[in-house]
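Remarks on the overall topology
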Amino acid sequence: SDDGKLSFDEFKAYFADGVLSGEELRELFHTIDTHNTDNLDTEELCEYFSQHLGEYENVLSVLEDLNITILKAMDKTKKDYQEASNLEQFVTRFLLKETLNQLQSLQSSLECAMETTEEQTRQERQGPTKPEVLSIQWPGKRSARRLQRNNSRSPNSPHFSTGWTEEDSQWMTQINRLQKLIDRLEKKDLKLEPFEEEVLEENARSHIMIVQRQMSVVEEETEAFRLALKQYVESACTQGGCLHVSVQKLPSDSRFIVYEFWENSNAWNSHLQMNYSKTFQRSNVDFLETPELITTMLVP
């Protein structure tokens, strides 16, 4: 709430990772709350995490230096670009693109490591403990990859194995790649390499757009939300680009999951601009406990 401190609800909304249960999150909250105020301030958070940084202390330090260096370069680019020659402008655009490619490559390696560690933790914790539902989702691209992998490699799949898998091999490759990038950053001799296009998407418009929308509804507003959702689904199904809409209600809480299938991304984007869609979005401000989580995925 921008008051300089975190309540438990705010702490849970940000730090819930879908693995720790609500009780474990509350225990962690009170561990960090050394002032015993039932709120966490910046000093308490810094003190707790600084004790557990390990090797990541060097990583974060390097990233801080990198951030400062990039901001300085952006400032100089802003001042000099307009007056530069065509050749100098071309070189600047090239360097900007290659820098972005390197950062995206580093981000992909980190995302892969995060997803794998989370999945391994979930496999180890397959017990009666109920994990706390994520209130803040990572970007849709990462969620889509996780959904796709979970569907293609489930415990019931004939290709599932508790031993070394192809995914483990890919993870180790990503870790080695990440280590090399960190080593180069620490040495301050970052070298730009040609960008390699790994996936060629010839025509995204021919891909079906699958949309998953998760909505946690205020209990007192459930009936009103059901009515608004029904009107929304009926209107969406009449659209030319809509293939199918399915709604699921989780019995354990007031959470609804809506699955939408659209002919392509253009059909989905057009649907978002329709009055019925905007009306439903505005009504959700009053109906939902937390902002809805939207995950999208293109399927050939």
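Definitions and limits used
- Residues numbered from 1 in each chain as written.
- Predicted model: local features only at pLDDT ≥ 70, side-chain atom pairs only at ≥ 80, totals over all residues.
- Heavy atoms only, no water.
- Helix = DSSP H or I, 4+ residues; strand = E, 2+ residues; numbered from the N terminus.
- Contact = heavy atoms within 4.5 Å.
- Areas by Shrake-Rupley, 256 points an atom, 1.4 Å probe, with all protein chains shown as cover.
- Axes fitted to C-alpha atoms, helices over the stretch in contact; angles between N-to-C directions.
- Left-handed = near helix turned anticlockwise from the far one by under 90°.
- Nonpolar A, V, L, I, M, F, W, Y, C, P; charged D, E, K, R; others polar.
- Pairing = 2+ DSSP bridges.
- UniProt positions renumbered as here; feature names shortened; annotations may be inferred.
- Buried < 20%, exposed > 50% of the residue type's maximum accessible area, 1.4 Å probe, protein only.
- Phe/Tyr/Trp six-rings, centres within 6.5 Å; stacked < 30°, edge-to-face > 60°.
- Lys NZ or Arg CZ within 6 Å of the ring centre and 35° of its normal.
- Salt bridge = Lys/Arg side-chain N within 4 Å of Asp/Glu carboxyl O.

1. Brief notes about the overall build of the protein
Regarding its fold elements, the protein presents ten helices and four strands. Each helix and strand of the protein, placed in order from N terminus to C terminus, yields the pattern α-α-α-α-α-α-α-β-α-β-β-α-α-β. For the protein, contacts bridging at least 24 residues in sequence account for 69% of all contacts bridging at least 6. Counting only carbon and sulfur atoms, one obtains 53% of the accessible surface of the protein, whose full area is about 20,300 Å².

2. A word on the side chain of threonine 222
Topologically, threonine 222 is positioned in helix α8 (residues 222–237). With sequence-adjacent residues up to four places away left out, threonine 222 is seen in contact with Val217, Ser254 and Phe256.

3. Quick notes on the packing of helix α1 (residues 8–15) against helix α2 (residues 22–32)
Two elements in contact, α1 and α2, have axes whose closest approach is 10 Å; the angle formed by their N-to-C orientations is 115°. For the crossing formed where α1 meets α2, the hand is right-handed. On the side of α1, the interface is formed by Phe8, Phe11, Lys12 and Phe15, while α2 contributes Gly22, Leu25, Arg26, Leu28, Phe29 and Ile32. Among the residues forming the contact of α1 with α2, the class breakdown is seven nonpolar, one polar and two charged.

4. Considering the pairing of strand β2 (residues 242–250)
Note: β2 against strand β3 (residues 255–262), eight bridges, orientation antiparallel. Across the sheet, the residue bridging to leucine 250 is arginine 255, located in β3. Here β2 folds back onto β3 in antiparallel fashion, the turn holding four residues.

5. Comments concerning the UniProt feature "domain: EF-hand" (unreviewed entry) in the protein
Within this numbering scheme, the UniProt entry marks residues 20–55 as carrying the feature "domain: EF-hand" (unreviewed entry). Secondary structure over residues 20–55 splits into 56% helix and 0% strand, and the C-alpha atoms at its two ends are 23 Å apart.

6. Describing unusual backbone geometry
Phi at asparagine 36 is positive, roughly 55°, even though this residue is not glycine. Relative to the helices and strands, asparagine 36 resides in the loop between α2 and α3 (42–50). In this structure asparagine 36 comes out as exposed when scored by relative accessible area, which is 67%. A positive phi angle is found at aspartate 38, which is not glycine, with a value near 60°. Following the sequence through the fold, aspartate 38 ends up in the loop between α2 and α3.

7. Things to note about the packing of aromatic side chains
Within this structure, the stated rule accounts for twelve aromatic pairs. Considering the side-chain rings of phenylalanine 225 and phenylalanine 280, the 6.1 Å spacing of their centres and the 40° angle between planes classify their relative orientation as tilted. Placement of the pair is phenylalanine 225 in helix α8 and phenylalanine 280 in helix α10 (residues 275–287), with a sequence separation of 55 residues. Like phenylalanine 280, phenylalanine 225 is buried. Their ring planes at 15° and their centres at 4.5 Å tell us that tyrosine 232 and phenylalanine 280 sit as a pair that is stacked. Of the two residues, tyrosine 232 is situated in helix α8 and phenylalanine 280 in helix α10; the sequence distance between them amounts to 48 residues. Both residues of the pair, tyrosine 232 and phenylalanine 280, belong to the buried class. Put simply, the rings of Phe8, Phe11, Tyr14, Phe15, Phe29, Tyr48 and Phe49 pair up and form one aromatic cluster. In this structure, arginine 26 packs its charged tip against the face of phenylalanine 8, placed 3.9 Å from the ring centre. Taking the ring centre of phenylalanine 256 as reference, the NZ or CZ of lysine 249 above it sits at 5.7 Å.

8. Description of the sheet that holds β3
Strand order in the open sheet formed by four strands is β2-β3-β1-β4, and the pairing between neighbours is antiparallel. In this open sheet, the two edge strands, each paired with only one partner strand, are β2 and β4 (293–299). Adjacent strand axes in the sheet meet at a mean angle of 15°, parallel and antiparallel pairs treated alike. Bridge analysis of strand β1 (residues 208–216) against β4 gives seven bridges, and the strand direction is antiparallel. Looking at β4, one finds that isoleucine 210 is bridged to methionine 297. Against the sheet, α8 touches β1, β2 and β3, its axis set at about 165° to β2. Along the sheet, α10 contacts β1 and β3; its crossing angle with β1, the most-contacted strand, is approximately 25°.

9. Points about the pattern of salt bridges
Under the definition given, this model contains five salt bridges. Between lysine 76 and aspartate 80 there is a salt bridge, with its nearest N and O atoms 2.8 Å apart. In this pair, lysine 76 and aspartate 80 both sit in helix α4 (residues 56–80), four residues apart, roughly one turn of the helix. For lysine 76, a relative accessible area of 54% corresponds to the exposed category. Among the residues examined, aspartate 80 registers a relative accessible area of 37% and is labelled partly exposed. Between arginine 213 and glutamate 292 there is a salt bridge, with the nearest N and O atoms lying 2.9 Å from each other. Taken together, the residues span a long stretch of sequence, with arginine 213 in strand β1 and glutamate 292 in the loop between α10 and β4 at a distance of 79 residues. By relative accessible area, arginine 213 is classed as buried at 1%. Given the relative accessible area of 15%, glutamate 292 is considered buried.

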